[in-house]
Structure formats: C-alpha cells, structure tokens
Amino acid sequence: MFKNHPFVLFILASLYIACIPTSALAVVDIIKDNADATGIEKVGSWSTTTSPSNKYGANYNYTVSNGTVSTIKYRPTFTQSGEYQLYQWLPQAGSNRTTNAQYNIQNASNVATVKINQQVAGGSWVLVGSYMFSHGSQGYVEINDTNSGTYTNADAFKWVYVGTSSVADLSVPSLIGQSGQSGEVKLNWNQITGATGY
C-alpha cells in the first residue's frame, strides 16, 4: 500500500543511488602516450621524433616496414569494467603514412583487429570503436606494422567510459516490485498514533 507514496519513492531512489559504485559515477578518461614510463611495450624497431608540432605530448614513435614485424602495445589499468570508446591521436597526416596499419584490440571477450588509414585525421582524437573492457590491466591496444609497406606511427590512445550493464540493471522500477520480485526492497513499518494522511 505504500509503494507509490512519495516518501517511499524517495527512500527507494536514495537506496538506488547508494547501490551504484562510486567508480561508476565518475570514471575518468584514460590516456596512454607512447612516452609513458609504464604501460607501453615495444617490440622491434621504433624511432622517436618531435615533428610535426601537432603530436600528443613530447614526441611520437614511427617504424618503417622492412620485413620484420614491429609492435607497440598500450596497456592501461581499468578501474571500472564496462564499455569504453577508444580514440587514437596521430600527428598531422602525410602521404608517406600507411593506409592499413593493423590494430589489435584486446577487449573483455576477444582480440578485435581493425585496419587504420593513418593518412587522414591527424592532430586530433579520432574514434577507433567501442569495446567492453574488464577491470584491471588485461586489455590493451597493439599497433602492428605487418604488411603496412610504409611508415606506421604510434602516438596516443584514449579510453572514454560509456557505461556498464551491471549499473543499468539497478533501476528504481526494479526496486518498486510486487512481493517476491527480484530486487525488491522490503521496509518494516511501525504503527504510530496521531498521524494522518498515511
């Protein structure tokens, strides 16, 4: 009889907010730069340069395909599991850049492989795609110069938190259920005298 009362709804809404992890309310963007001291793993031959000026940070790396595979892996630490939009930053594009750099993205379920044209959209954050990542440091992005045939650049990546289904499942309607429903919050009420309107 009380489930639709404004005071009861207020209590349930407060309980709903309290159930959401703090990390889910304010997940900061994660940025990994090629020059970071941790979370960057390089294999093969990577050179460093500071030109052009619209790079991210102090410098960026590049390699020239010569029959030997070179890779650079960006491995962040995720404080919250969920869906993230993955962005890359490359310096100003040029005709000597590869049009089919291979990106291997280790996400929560598999390794997704995409081919990126590095001759376009330099000097800004560009969306690569949206992926689910698990809490911790298992997820990563790897740039691979296999079959690129020309210059492959590696500068910075950014992960922007979108959300997680576990939080979406915590909703006020699910708490205001009929008796026996999953997620119902049961409140014990003590009878008082002299109160009206309840």
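Model, not experiment: these values are computed from the prediction. (Residues numbered from 1 in each chain as written. Predicted model: local features only at pLDDT ≥ 70, side-chain atom pairs only at ≥ 80, totals over all residues. Heavy atoms only, no water.)

Peer 1: Describe in detail the overall build of the chain, supporting the description with residues and values.
Peer 2: When you go through the chain residue by residue, the secondary structure sums to 4 helices and 12 strands. The buried share of the chain, taken over its 198 residues, is 36%. Look at the contacts in the chain between residues 6 or more apart in sequence, and 77% of them connect residues 24 or more apart. When the accessible surface of the chain is split by element, carbon and sulfur atoms take 51% of a total near 11000 Å². (Helix = DSSP H or I, 4+ residues; strand = E, 2+ residues; numbered from the N terminus. Buried < 20%, exposed > 50% of the residue type's maximum accessible area, 1.4 Å probe, protein only. Contact = heavy atoms within 4.5 Å. Areas by Shrake-Rupley, 256 points an atom, 1.4 Å probe, with all protein chains shown as cover.)

Peer 1: Give a description of the sheet that holds strand E4 (residues 60-64) that names residues and reports values.
Peer 2: Ordered by their spatial adjacency, 3 strands build an open sheet running E3-E4-E11, and the pairing between neighbours is antiparallel. Edge positions in the sheet fall to strand E3 (47-49) and strand E11 (151-154), since each has one partner strand and no second. Sheet twist, expressed as the average angle between the axes of neighbouring strands with direction ignored, equals 35°. Here 4 bridges tie E4 to E11, and the two strands are oriented antiparallel to one another. Bridge pairing in E11 links Val64 to Tyr151. (Pairing = 2+ DSSP bridges. Axes fitted to C-alpha atoms, helices over the stretch in contact; angles between N-to-C directions.)

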